[in-house]
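Structural features, examined
This is what each chain is made of:
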Amino acid sequence: VFKKKLYFNIHGKMYYLNFESDSEKAWEVNTALPFGTRYGQSMTSFSDGIVFFGGMIVYENENIYFNDLWIFDGKDQWNYVTCDIQPRAFHAAAADNIGNLVITGGNDNKSIFDDFWILNLKTQVTLKLDLNLCFTKHTITFLNDSLFCL
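Every value quoted in this text rests on a predicted model; they were computed, and no experiment measured them. (Residues numbered from 1 in each chain as written. Predicted model: local features only at pLDDT ≥ 70, side-chain atom pairs only at ≥ 80, totals over all residues. Heavy atoms only, no water.)

With that settled, consider the pairing of strand β7 (residues 78–81). Of the pairings in the sheet, the one linking strand β6 (residues 62–72) to β7 comprises four bridges and is antiparallel in character. Its bridge partner being in β7, L69 is matched across the sheet by V81. Between β6 and β7, which pair antiparallel in sequence order, lie five residues; one of them, G74, sits at a positive phi of approximately 90°. (Pairing = 2+ DSSP bridges. Helix = DSSP H or I, 4+ residues; strand = E, 2+ residues; numbered from the N terminus.)

This is the structure we're talking about:
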């Protein structure tokens, strides 16, 4: 949920449910995604927008994994953010309201990752922690902008 709208990434387009709409047709298409359709991609919100990271596609019977990070402002602006996090899918991500993104686990069809990343979305400074916790297809969330739960 970002600015009273619930966003969904479905088949290369972003839809949202507007909680403030009086119309029966509350579902709307917001924008086409600059990265197309992905599987296992994370999507989370913070105070400045919605963050999309990684995921995979299947192309000519081969899995291709990504580590691109995109921020959508909720209107029409997409920003690409560079990061050093390994390409992956089926990881977990959460962001706090001051712009710290946490990414953990996932896989690249060869390995299940046991790493834990903290990326400041404003400064683009990345910190890697090795926690020896191998997870894939899991979730993470922030509580009170300082505690997180796996």
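What follows is about the pattern of salt bridges. Taken as a whole and judged by the stated rule, the model has three salt bridges. A salt bridge links D68 to R38, with the shortest nitrogen-to-oxygen separation between them at 2.9 Å. Within this pair, whereas D68 is found in strand β6, its partner R38 is found in the loop between β3 (27–32) and β4 (42–46), the two being separated by 30 residues in sequence. The pair formed by D68 and R38 is uniform in burial state, with each residue classed as buried. Here R88 and D115 are joined by a salt bridge, their closest N and O atoms 2.8 Å apart. Of this pair, R88 sits in the loop between β7 and β8 (92–95) while D115 is found in strand β10 (residues 115–120), placing the two residues 27 residues apart along the sequence. (Salt bridge = Lys/Arg side-chain N within 4 Å of Asp/Glu carboxyl O. Buried < 20%, exposed > 50% of the residue type's maximum accessible area, 1.4 Å probe, protein only.)

Below, the discussion takes up the pairing of β6. Across nine bridges, the pairing between strand β5 (residues 49–59) and β6 is antiparallel. The residue of β6 that forms the bridge with V51 is I71. Two successive antiparallel strands, β5 and β6, enclose a turn made up of two residues, where E60 displays a positive phi of approximately 50°.

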